[in-house]
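Per-entry structural report
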Amino acid sequence: MTFARKVYLQLPTPSPADLRADRERVLEAFHADSMTLSAMQTLYPTLKKANYAVTASLSPTDTSWEIRNIEAGDTRSRSFALALDLGSTTLEMELLDLNTGEALASGKATNGQTAISANILDRILYAKDRPDHLAHLQALVTENINDLIVRCCTQAQVDPSEILLLAVGGNTTMIHLLLACEPWQVFQIPYTPVFYDPGIQEAQDIGLNLSCSVFCMPAVANYLGGDITSGLLMTDLDTRTDPALFLDIGTNGEIAFGCKDFLLVGAGAAGPALEGAVSKSGMRAEPGAVCNVTIDEGDLIHVKTIGGKPPVGICGSGILDLIAHGFLAGWINGNGTLNVDAAPAIRWTYEPDTQRQLPAICYAQGPEGPLLFTQADIQEFIRCKAAAFTMAATLMEECGVAPSDLGAMYLAGGFGEHMDLESAITVGMYPDIPREKFKILGNSSLKGVKKLLLDEAQLPRLRKFAQDAQYVQFGEMARFPENMVAAQFLPHTDAHLFPSVKPRKR
């Protein structure tokens, strides 16, 4: 059964032996415990005109079901819901046919809050003790959502009034901003936000142009939100007997490790450099971004760009390839320094910020001259990739689990979907395990939301993930700093951990 639904029934008609009022008659027949005022206002004359053969639109509540609309006859063929991944940078929505499970329409938008700052901490500071600023942030994102609603409904020829439920996956801060709840405590010690699970809310109370309710996926902790619990629905960590890892590299890095007997989760600042923010020529995955790099035996660089456009910068997957192939070709040493005599593509460049000359790789020609990736960029990337690897390594070490013991590794997020797996292993971001153990999920937040909308049996799993997960603070783990230092090398200071990585002999 779907999470929200329409149910058609022939109700018993009133009689001298059955004098129940319409509301009570309908609630009992549909096994619901509440009804919206707008639905109650339609009971007369709808029930009489339909001879009590009606369809109820049912939406979940925290404990049961609420009737949100009553229609004459059988209208179950028009059952729709919206799934939304509310990212700090990008929003992605799909409109689902609840009868078939088909996505009838989809849309993406840049989060309007980026006009305030691309950094989510800046948004928290902007809203702190300023209700007007908090309302502004909410209005920016609800405007995006309303635009997506119009786009999706227009594509699918669905009236917004036919939407039975909007379900949302997002990190803890983004859901606070959506609901106009002060997010300061997400950031402030002891990290006790206004909520982890906000319950069912009214779309119109949030400023959305829908007549349905809104379900937000519950969070685990301040830095591990409903986008991750949603993503875990796409794994089998709650049923498998051998341990598995789930890793989502986005603005931050979030990780889950466990099986049916335990679940450890944590988060760390691994994402920005891996998304392209490490370099002056770094950029998001947009047209013209170098997304794939190879270096041939003749030390020539070959690049591909998104959309086949002329190169204007390099995104995360391109950076990953550049460093991996540069290391294998002998251009880059294990400590991230460049061998300046290794290839013509390596040249010296003046760095205004540090007022010194740095070696750099010229990976392409841009519209305004050479596109360079400096030695400092490489070393910053190595520090960030080390964070992703160290989170996983430390959790496994705490549990006495070796990489070879892993049954699966789930990779979520846009970075996990578009990066080259071999490049990621070459630089030491992911463990060197059999490749068939890697499961690429893509946008697991959106996929998990859709899975819940289409199958109410996923709700107990979602609640279990949120309630049973043990959140760990990596900064408090004794081995984390030592492991972090060891991982700041290509691929690692312990080369035995990466037996398949073999640099080319020059």
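In short, a report on the structure.

**Things to note about the nonpolar core**
If you look at the biggest cluster of nonpolar residues, it comprises 64 residues, and the most contacted ones within it are Ile-323, Trp-331, Met-429 and Tyr-430. Ranked by the residues each element gives to this core, the list is headed by helix α12 (residues 375-398), at 12 residues. Within the second largest apolar cluster, 37 residues are counted, among which are Ala-109, Ile-149, Met-174 and Leu-179.

**Structural notes on helix α16 (residues 458-468)**
Those residues of α16 not exposed but buried are Gln-458, Arg-461, Leu-462, Phe-465 and Ala-466. Along α16, the residues classed as buried sweep out an arc of 130 degrees about the axis, all on the same side. Seen from the buried face of α16, the exposed residues on the opposite side, beyond 90 degrees, are Pro-460 and Gln-467.

**Points about the environment of Glu-422**
Here Glu-422 is to be found in helix α14 (residues 421-426). Judged by relative accessible area, which is 38%, Glu-422 ranks as partly exposed. As for Glu-422 and Thr-46, which are separated by 376 residues in sequence, their C-alpha atoms are 62 Å apart. Here the side chain of Glu-422 touches Arg-435 through a polar contact of 2.7 Å, side chain to side chain.

**A word on unusual backbone geometry**
In this model, Tyr-44 is joined to Pro-45 through a cis peptide bond whose omega is 15 degrees. Checked against the element boundaries, Pro-45 lands in helix α3 (residues 43-49). A cis amide bond, omega 10 degrees, links Ile-189 with the succeeding residue Pro-190. Tracing the backbone through its elements, the reader meets Pro-190 in the loop between α7 (184-187) and β9 (200-202). Its identity is not glycine, yet His-31 carries a phi of approximately 55 degrees, on the positive side. Locating His-31 in the fold gives a position in the loop between α1 (22-29) and β2 (34-35).

**Here's the deal with the packing of aromatic side chains**
Under the criterion given, the structure shown has 7 aromatic pairs. Where Phe-3 meets Phe-215, the ring centres are 5.1 Å apart and the plane angle is 80 degrees; that geometry is what we call edge-to-face. Here Phe-3 is found in the segment before β1 (5-10), whereas its partner Phe-215 is found in strand β10 (residues 213-216), with 212 residues between them in sequence. You'll find Phe-3 and Phe-215 in the same group, each marked buried.

Thresholds applied
Residues numbered from 1 in each chain as written. Predicted model: local features only at pLDDT ≥ 70, side-chain atom pairs only at ≥ 80, totals over all residues. Heavy atoms only, no water. Core = buried A, V, L, I, M, F, W, Y, C linked by side-chain atoms within 4.5 Å. Buried < 20%, exposed > 50% of the residue type's maximum accessible area, 1.4 Å probe, protein only. Helix = DSSP H or I, 4+ residues; strand = E, 2+ residues; numbered from the N terminus. Arc of directions from axis to C-beta. Polar contact = N/O pair within 3.5 Å; in protein donor to acceptor, adjacent residues only side chain to side chain. Phe/Tyr/Trp six-rings, centres within 6.5 Å; stacked < 30°, edge-to-face > 60°.

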